[in-house]
Every structure is written in structure tokens, then in C-alpha cells.
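# Descriptive analysis of the structure
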Amino acid sequence: MKVKLECHEANHICDKNQYKEAGFLEKVKLTFHLLYCRACRTYTANNTKLTKAMNNPKVETVSQDEKNALKERLARELGQ
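All of the points below concern the structure found in this document.

### Concerning the side chain of lysine 29
Mapped onto the elements of the fold, lysine 29 is located in helix H2 (residues 24-36). Despite its burial, lysine 29 pairs with no opposite charge; the closest candidate is glutamate 26, at 7.3 Å N-O. Ignoring anything within four residues of it in the chain, the contact list for lysine 29 reads Lys2, Val3 and Leu5.

Have a look at this one:
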């Protein structure tokens, strides 16, 4: 059994873990790899942030009235 991972393997396992497809042994290997590899820790942290952002989007939109007011204002300013 190979315990040491190369970075591209660790990143692949990280991606699988993001989608809940990584097995227990893969997670253990990834954890050991992350202990000594700063680049992969950064990759994993960014992956985690991306997953959270996609699962809990906090997007606010403007109402149709506000949108129309912005269009009118833009048209006036460009027309001058």
C-alpha cells in the first residue's frame, strides 16, 4: 500500500472528497499529504470555500423598478 501521494493525486482526491466520492483510505492518505504540503492545503481550502459558496449562494437581486430606474439614469447620462 502506497501512503505517500504526489500533489496531482492529492488534488484529485480532494476533488472527489468535495463531491463525497472519496473513500476512507483516500481521505486518510490526503490527510497525511496535507500535513506536509502547503500548496495542497491551499488548494483544499480554496476547494472548500468554492463548495460552500456554491451550496449557500447569498445573491441579492434588484427589483424590476430599480432596474428600470438604473436604465433610465444610464440613458440620460449617456445622452448628454
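### Some details on the pattern of salt bridges
This model, assessed by the stated rule, comprises two salt bridges. Residues glutamate 77 and arginine 73 are paired through a salt bridge, measuring 3.1 Å at the closest nitrogen-oxygen approach. Here glutamate 77 pairs with arginine 73, and both are found in helix H4 (residues 64-79), just four residues apart, close to one helical turn. The exposure class assigned to glutamate 77 is partly exposed, which follows from its relative accessible area of 47%.

### Remarks on the packing of helix H1 (residues 7-18) against H2
Running from amino to carboxyl end, H1 crosses H2 at an angle of 125 degrees, the nearest separation of the two axes being 10 Å. When the axes of H1 and H2 are compared, the pair comes out oblique. In the crossing of H1 with H2, the sense of the turn from one axis to the other is left-handed. For the pair H1 and H2, the contacting residues are Cys7, Ala10, Ile13, Cys14, Lys16 and Asn17 in the first and Glu26, Lys27, Leu30 and His33 in the second.

### Points about unusual backbone geometry
The phi angle at lysine 20 is positive, at roughly 60 degrees, despite the residue not being glycine. Structurally, lysine 20 can be placed in the loop between H1 and H2. Overall, lysine 20 belongs to the exposed group, its relative accessible area being 73%.

### Some points on the nonpolar core
Soluble, globular proteins show a tendency: their nonpolar side chains are buried together. Counting nine residues, the largest nonpolar core is built from Leu5, Ala10, Ile13, Cys14, Ala22, Leu30, Leu34, Cys37 and Cys40. For this core, the secondary structure elements donating two or more residues are H1 and H2. The element contributing the most residues to this core is H1, with three residues. When residues no more than four places from it in sequence are discounted, the contact partners of leucine 30 are Leu5, Ala10, Ile13 and Cys14.

About the thresholds
Residues numbered from 1 in each chain as written. Predicted model: local features only at pLDDT ≥ 70, side-chain atom pairs only at ≥ 80, totals over all residues. Heavy atoms only, no water. Helix = DSSP H or I, 4+ residues; strand = E, 2+ residues; numbered from the N terminus. Buried < 20%, exposed > 50% of the residue type's maximum accessible area, 1.4 Å probe, protein only. Lys, Arg positive; Asp, Glu negative; His and termini not counted. Salt bridge = Lys/Arg side-chain N within 4 Å of Asp/Glu carboxyl O. Contact = heavy atoms within 4.5 Å. Axes fitted to C-alpha atoms, helices over the stretch in contact; angles between N-to-C directions. Parallel < 35°, antiparallel > 145°, perpendicular 65-115°, else oblique. Left-handed = near helix turned anticlockwise from the far one by under 90°. Core = buried A, V, L, I, M, F, W, Y, C linked by side-chain atoms within 4.5 Å.

As far as function goes, none of this settles anything; it's purely spatial.
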